[in-house]
Structures are given as C-alpha cells and as structure tokens.
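# A structural walkthrough
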Amino acid sequence: MLGQEIGWFDDHRNSPGALTTRLATDASQVQGATGSQIGMIVNSLTNIGVAVIMSFYFSWKLTLLILCFLPFIALSGGFQAKMLTGFAKQDKQAMESAGQVKNHTKYVPTCKWNIFVRTD
C-alpha cells in the first residue's frame, strides 16, 4: 500500500476509511486462520482417525457402512464453510463502505447546534 501511486488513493475503494477498515479486518482474519483454526483442524482429523481405528477394531462391518456416508458429511461441511466465508466477505464489504462514509463527514460547529455535514 505504501508503494502505490497518488492516483491509486483517488479511487473510492481506496479511501482512507476503507483502507483502515480493510487493514483491521485482514489482520484479524490472518490471525484467525493461522492460530486456533489450524489447531482445531488437526484435533478434528486426529479424532476422526482414532475413531475409525477403534470402530474397525470393534465392528468392521458397521465401520464400512459408516465410511460410506463420510463423503456426504464432508460435502456438507464444505458447503457450510463456503456459506460462512461468503457471509464474512459480505460483512467485510459492508465495513469498508461504512469506513468510507465515516471519512466523508465532518463536524461543523454552528451558533446554536453542532451538526454533522456530509462532504461529497
């Protein structure tokens, strides 16, 4: 962002409010992706592996039946993750537009009332 030309900041998507909002949300998303989520994924995969081994030990026929439904469970989990990612993307866009509006208002003191005026 620091190496961009001056004209890059003239675009309404790159206004100071949108950029600060984008930086704040992107940093928290990176932290969330690398921190607890990776630990949760490793924990879940380990639990699935141990459960499959134990179920083969106790009843291999029932285990094979359960493994037939594993792709459907994986597809539903992937669909759920895709839906949540889409909602997060919409939230991010809404926050950026709110940041743009915030930078286009200024405080105007008057004689009787203090008001906010939109400066577009």
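Along each chain, residues carry numbers from 1 onward, in the same order as the chain's sequence is written. For a predicted model such as this one, the threshold for reporting local features is a pLDDT of at least 70, and the threshold for listing and counting side-chain atom pairs is 80 or more; totals across whole chains, interfaces and linings nevertheless cover every residue. Water and hydrogen atoms were dropped before computing side-chain values, which therefore reflect all heavy atoms in the structure.

### Quick word on the overall build of the chain
- Secondary structure summary: the chain contains 4 helices and 2 strands in total.
- Secondary structure follows DSSP: runs of H or I at least 4 residues long count as helices, runs of E at least 2 residues long count as strands, and numbering of each begins at the N terminus. Helices and strands in the chain line up, N terminus first, as α-α-α-α-β-β.
- Counting every position in the chain, which comprises 120 residues, the buried fraction comes to 9%.
- The accessible surface values rely on the Shrake-Rupley method and a 1.4 Å probe; as for residues, cover is taken only from the protein chains in view. Here the chain displays about 10,000 Å² of accessible surface, and carbon together with sulfur accounts for 69% of that area. Throughout, exposure labels follow a simple rule: accessible area from a 1.4 Å probe, protein chains only, divided by the maximum for the residue type, with under 20% read as buried, over 50% as exposed, and the rest as partly exposed.

### A word on the side chain of Thr-63
- Take Thr-63: it is sitting in helix H3 (residues 60-68).
- Contacts are assigned to residue pairs with any non-hydrogen atoms lying within 4.5 Å of each other. Dropping the residues within four chain positions of it, Thr-63 is found in contact with Val-52, Ser-55 and Phe-56.

### What about the UniProt feature "transmembrane region" (unreviewed entry) in the chain?
- UniProt positions are given in the numbering used here, feature names are shortened, and annotations may be inferred rather than shown by experiment. UniProt records the feature "transmembrane region" (unreviewed entry) for residues 64-85 in the present numbering.
- This span, residues 64-85, is 95% helix and 0% strand, and a straight line between its end C-alpha atoms measures 32 Å.

### Let's talk about the packing of aromatic side chains
- Pairing of aromatic side chains requires ring centres within 6.5 Å, counting the rings of Phe and Tyr and the six-membered ring of Trp. Pairs whose planes differ by under 30 degrees are stacked, by over 60 edge-to-face, and all others tilted. In this structure the tally under the stated criterion is 2 aromatic pairs.
- Ring geometry for Tyr-57 and Phe-58: centres 5.1 Å apart, planes at 80°, overall edge-to-face.
- Taking the relative accessible area as the measure of exposure, Tyr-57 reaches 67% and is therefore exposed.
- On the basis of relative accessibility, which here comes to 65%, the residue Phe-58 falls in the exposed class.
- Geometrically, the ring pair formed by Phe-69 and Phe-72 is tilted, given 6.4 Å between the ring centres and 45° between the ring planes.
- Overall, the relative accessible area of 56% leaves Phe-72 in the exposed class.

### Some details on the environment of Thr-63
- Using a relative accessible area of 3% as the deciding quantity, one classes Thr-63 as buried.
- Sequence separation between Thr-63 and Ile-53 is 10 residues; the distance between their C-alpha atoms is 9.1 Å.
- Between N or O atoms, a polar contact is any pair within 3.5 Å; within protein, one atom must be a potential hydrogen donor and the other a potential acceptor, and residues adjacent in sequence are included only when both atoms are from side chains. For Thr-63, the side chain forms a polar contact with the main-chain oxygen of Ser-59, separated by 2.8 Å.

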